[in-house]
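Descriptive analysis of the structure
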Amino acid sequence: MKILFYNIKELFQVRENNTSILKGSEMKELPSIKNAFLVVENDLIADYGSMENAPTDFDESVDVSDKMIMPSYIDSHTHIVYACNREQEFVDRINGLSYDEIYKRGGGILNSVEKLRKTSENELYKDAANRLEELIALGTGVIEIKSGYGLSLEAELKMLRVIKKLQENYPVKIKATFLGAHAVPPEFKDNQTAFVDEICNVMIPEIAKSGLADYVDAFLETGYFTVDETRKIIKAATNNGLKSKIHLNQFTAINGIEMCVEENVLTVDHLEIVTDEDIEALKKGKTIPVALPTCSYFISIPYTPARKLLDANLPLVIASDYNPGTTPSGNMNFVVATSCIKIKLTPEEAFNAATLNAAYALEVQNEYGSITKGKKASFFITKPLHSIYAIPYNFGSNLIETVYLHGIKQ
Ligand SMILES: N=CN[C@@H](CCC(=O)O)C(=O)O
Ligand SMILES: [Zn+2]
């Protein structure tokens with residue numbers, strides 16, 4: 001099946017194959033073709049160019065007059081498998097409690113753990129599938145989903161099986177991450193060392209054997225897991241053939257980034273608090289920084305100093321962090337908008353951070369993240385727009401009209 005998309009007002013993120021991750025000022029450019037065509041053959045991008053060169057042989061055609069095409073968003077950091085919303089904590093924060101105070105009262109992540117352990121796999125699947133369907137309509141075509149609300153081997157496997165079922169049932173590319181070290185569960189309350197040992201010696205080997213996870217994560221933060229504990233977890237992951245992606249610097253900078261770079265961690269995520277030493281450490285390695293600006297928005301914490309990272313010629317990825325506590329939204333259009341409005345990324349930088357660079361954060365850069373011959377035909381068509389800037393500018397509107405994933409209209 002060959003589909004011709006014609007009269008595209010502007011086709012964005014058009015790249016030659018093997019474009020490297022974009023760093024610093026390279027992120028300013030978002031290559032596009034105006035008045036373009038795009039040919040999709042089965043699930044792949046087969047051709048593209050200016051309308052005057054559009055082919056005449058095809059099985060189907062789609063008129064894209066006045067509308068634009070962008071490769072699907074890649075959301076490299078989410079927690080969309082969870083049991084209940086945490087609206088009460090939201091109101092508690094409005095009334096003055098901090099995220100940390102709520103956690104210390106047994107709320108926060110532990111609130112979600114208690115609920116998830118009591119919820120059936122089917123129920124979890126149904127809720128996560130509903131969330132995923134909403135995200136597909138909002139333009140996400142590749143997503144990472146973490147466990148981390150089970151905190152026992154059994155409950156973590158339950159979450160990972162839900163993710164596997166989503167992988168089987170949806171045309172979205174999904175990467176799964178085991179986040180056993182998200183918080184210390186009640187049964188290990190007085191023995192955090194034993195919990196870390198359990199993660200390293202029991203959970204990671206079992207989960208690696210199950211094939212249910214692509215990555216391992218940990219919450220490296222004051223009051224959660226230390227640099228040394230996280231290093232142990234990363235090493236256990238490496239020994240079991242899994243790379244790591246680490247939550248850190250959300251509230252405090254405690255030299256976690258330096259360790260993560262030393263251990264060749266794939267991404268470091270959050271980075272609301274970043275020191276000059278952290279930037280120097282990132283410059284020495286390949287670890288990719290990931291900002292989660294809608295988390296800052298929702299719980300009123302500082303925004304990642306993105307400009308400082310770009311000025312240091314580092315790459316940048318943006319992701320949603322969709323979870324019931326700090327970011328109950330996975331709308332990547334809003335992530336792009338927040339990046340522009342609050343951390344002063346230009347729209348070009350924000351779209352690069354949410355597509356091409358984000359593909360590197362999930363190691364799917366050979367298949368997704370740009371309009372490139374041979375990559376998967378996963379993209380969205382906008383409503384009629386004056387310019388692509390409308391997506392961050394009209395931050396409260398959904399300007400996506402149609403979504404194609406792997407060449408199929410959703
Ligand atoms: N900070 C750690 N984990 C999540 C929040 C989890 C929760 O509050 O449920 C985050 O990335 O923000
Ligand atoms: Zn997170």
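Predicted model only: the values in this text are computed from it and were never measured.

A closer look at the overall build of the chain
Looking only at helices and strands, one finds 15 helices and 16 strands in the chain. Here the chain has a C-alpha radius of gyration of 21 Å; the compact-globule value for 410 residues is 22 Å, and the two agree. Each principal axis of the C-alpha distribution contributes one length, and for the chain these read about 70 × 45 × 45 Å. Across the 410 residues of the chain, 60% fall into the buried class. Contacts in the chain between residues far apart in sequence, at least 24 positions, make up 74% of those at least 6 positions apart. Entry remark: accessible area of the chain is about 16000 Å², with carbon and sulfur atoms responsible for 48%. Measuring between centres, the 42 positive side-chain charges of the chain sit 0 Å from its 55 negative side-chain charges.

Thoughts on the UniProt feature "domain: Amidohydrolase-related" (unreviewed entry) in the chain
Taken from the UniProt record, the annotation "domain: Amidohydrolase-related" (unreviewed entry) applies to residues 68-391. Taken end to end, residues 68-391 is 45% helix and 15% strand, and its first and last C-alpha atoms sit 11 Å apart.

Topic: the coordination of the zinc ion (ligand 2)
Put simply, the ideal angle at a metal is 109.5 degrees for four donors in tetrahedral geometry and 90 or 180 degrees for six donors in octahedral geometry. The zinc ion (ligand 2) binds to the protein through His-77 (NE2), His-79 (NE2), His-247 (NE2) and Asp-321 (OD); the donor distances cover 2.1 to 2.2 Å. Positions of the donor residues of the zinc ion (ligand 2) along the chain correspond to the pattern H-x1-H-x167-H-x73-D. Here His-247 is found in strand β10 (residues 243-248), whereas its partner Asp-321 is found in the loop between β13 (317-318) and α12 (332-342), with 74 residues between them in sequence. For the residue pair His-247 and Asp-321, the accessibility class agrees, reading buried in each case.

Some details on the environment of Asp-59
Tracing the chain through its elements places Asp-59 in the loop between β3 (44-50) and β4 (60-63). Accessibility expressed as a relative area gives 52% for Asp-59, which makes it exposed. In the structure, Asp-59 is positioned 18 residues away from Glu-41 in sequence and 9.7 Å away in space, judged by C-alpha atoms. With sequence-adjacent residues up to four places away left out, Asp-59 is seen in contact with Met-1 and Lys-2. A distance of 2.6 Å separates a polar atom in the side chain of Asp-59 from the backbone nitrogen of Lys-2.

Observations regarding the UniProt feature "binding site: N-formimidoyl-L-glutamate" (unreviewed entry) in the chain
Using the residue numbers shown here, the UniProt feature "binding site: N-formimidoyl-L-glutamate" (unreviewed entry) corresponds to Tyr-149, Asn-323 and Gly-325. On the basis of their most widely separated C-alpha atoms, the annotated residues across 177 residues gather in one place, lying no more than 11.3 Å apart. As for the annotated residues, the ones lining the largest cavity are Tyr-149, Asn-323 and Gly-325. Mapping Asn-323 onto the fold places it in the loop between β13 and α12. For Asn-323, a relative accessible area of 4% puts it in the buried group. Sequence-distant contacts of Asn-323, that is, excluding residues within four places in its chain, are made with His-79, Tyr-82, Tyr-149 and Pro-328. Looking at Asn-323, its side chain comes within polar contact range of the main-chain oxygen of Asp-321, at 2.7 Å.

Thoughts on the site of ligand 1
Surrounding ligand 1, one finds 15 residues, the nearest of these being Tyr-99, Tyr-149, Gln-250, His-270 and Thr-326. Between ligand 1 and Tyr-99 there is a distance of 2.5 Å, counted from an oxygen atom to a side-chain nitrogen or oxygen. Between ligand 1 and Thr-326 there is a distance of 2.7 Å, counted from an oxygen atom to a side-chain nitrogen or oxygen. A total of 330 Å² of accessible area belongs to ligand 1 in isolation, and the protein chains cover 100% of it. In a pocket analysis with a 2 Å cut-off to the grid points, ligand 1 is assigned to the largest cavity.

Points about the side chain of Asp-278
Looking at the secondary structure, you find Asp-278 in helix α9 (residues 276-284). Of the side chains with opposite charge, Lys-308 lies nearest to the buried Asp-278, which makes no salt bridge, at 8.4 Å. Apart from residues lying up to four places away in sequence, Asp-278 is in contact with Asn-249, Ala-253, Ile-257 and Ile-273.

Remarks on the packing of aromatic side chains
Summed over all chains, the structure comprises twelve aromatic pairs. Aromatic side chains Phe-195 and Phe-225 sit 6.4 Å apart centroid to centroid with 40 degrees between the ring planes, which places their arrangement in the tilted category. Pair noted here: Phe-195 is in helix α6 (residues 192-210) and Phe-225 is in the loop between β9 (215-220) and α7 (227-239), with a separation of 30 residues, a long-range link. Like Phe-195, the residue Phe-225 is buried in the burial classification.

Some details on α9
Here α9 has its buried residues at Asp-278, Ile-279, Ala-281 and Leu-282. Projection of α9 onto a plane perpendicular to its axis shows the buried side chains occupying an angular sector of 160 degrees, all on one side. Facing away from the buried side of α9, by more than 90 degrees, are the exposed residues Glu-277 and Lys-284. Buried residues along α9 sit against α8 (256-262), β11 (267-270), β12 (288-291) and α11 (306-311).

Observations regarding the layout of surface pockets
Looking at the largest pocket, its volume works out to about 500 Å³. The wall of the largest pocket is formed by 24 residues, among which Leu-266, Gly-285, Lys-286, Thr-287 and Ile-288 lie closest to the centre. Listing elements by their share of the lining of the largest pocket, those giving two or more residues are α7, β10 and α9. If you add up the space inside the second largest pocket, you get close to 300 Å³. As for the second largest pocket, its lining consists of 17 residues, and the residues nearest its centre are Ser-98, Tyr-99, Asp-100, Phe-251 and Ile-301. For the lining of the second largest pocket, the secondary-structure elements that each account for two or more residues are α1 (87-94), α2 (99-104) and α10 (293-299). Per-element accounting of the lining of the second largest pocket gives the leading share, four residues, to α2.

Basis of the calculations
Residues numbered from 1 in each chain as written. Chains lettered and ligands numbered in written order. Predicted model: local features only at pLDDT ≥ 70, side-chain atom pairs only at ≥ 80, totals over all residues. Heavy atoms only, no water. Helix = DSSP H or I, 4+ residues; strand = E, 2+ residues; numbered from the N terminus. Rg over C-alpha atoms; globule rule 2.2 N^0.38 Å. Buried < 20%, exposed > 50% of the residue type's maximum accessible area, 1.4 Å probe, protein only. Contact = heavy atoms within 4.5 Å. Areas by Shrake-Rupley, 256 points an atom, 1.4 Å probe, with all protein chains shown as cover. Lys, Arg positive; Asp, Glu negative; His and termini not counted. Charge placed at Lys NZ, Arg CZ, Asp CG, Glu CD. UniProt positions renumbered as here; feature names shortened; annotations may be inferred. Donors = N, O, S within 2.8 Å, 3.2 Å for Na, K, Ca; no water. Polar contact = N/O pair within 3.5 Å; in protein donor to acceptor, adjacent residues only side chain to side chain. 1 Å grid on protein atoms, 1.4 Å probe; cavity = no way out; pocket = protein on both sides within 12 Å on 5 of 7 lines; lining within 4 Å. Near = heavy atom within 4 Å. Sits in = over half its atoms within 2 Å of the grid points. Salt bridge = Lys/Arg side-chain N within 4 Å of Asp/Glu carboxyl O. Phe/Tyr/Trp six-rings, centres within 6.5 Å; stacked < 30°, edge-to-face > 60°. Arc of directions from axis to C-beta. Points joined across faces, edges and corners; volume = space filled by probe spheres on them.

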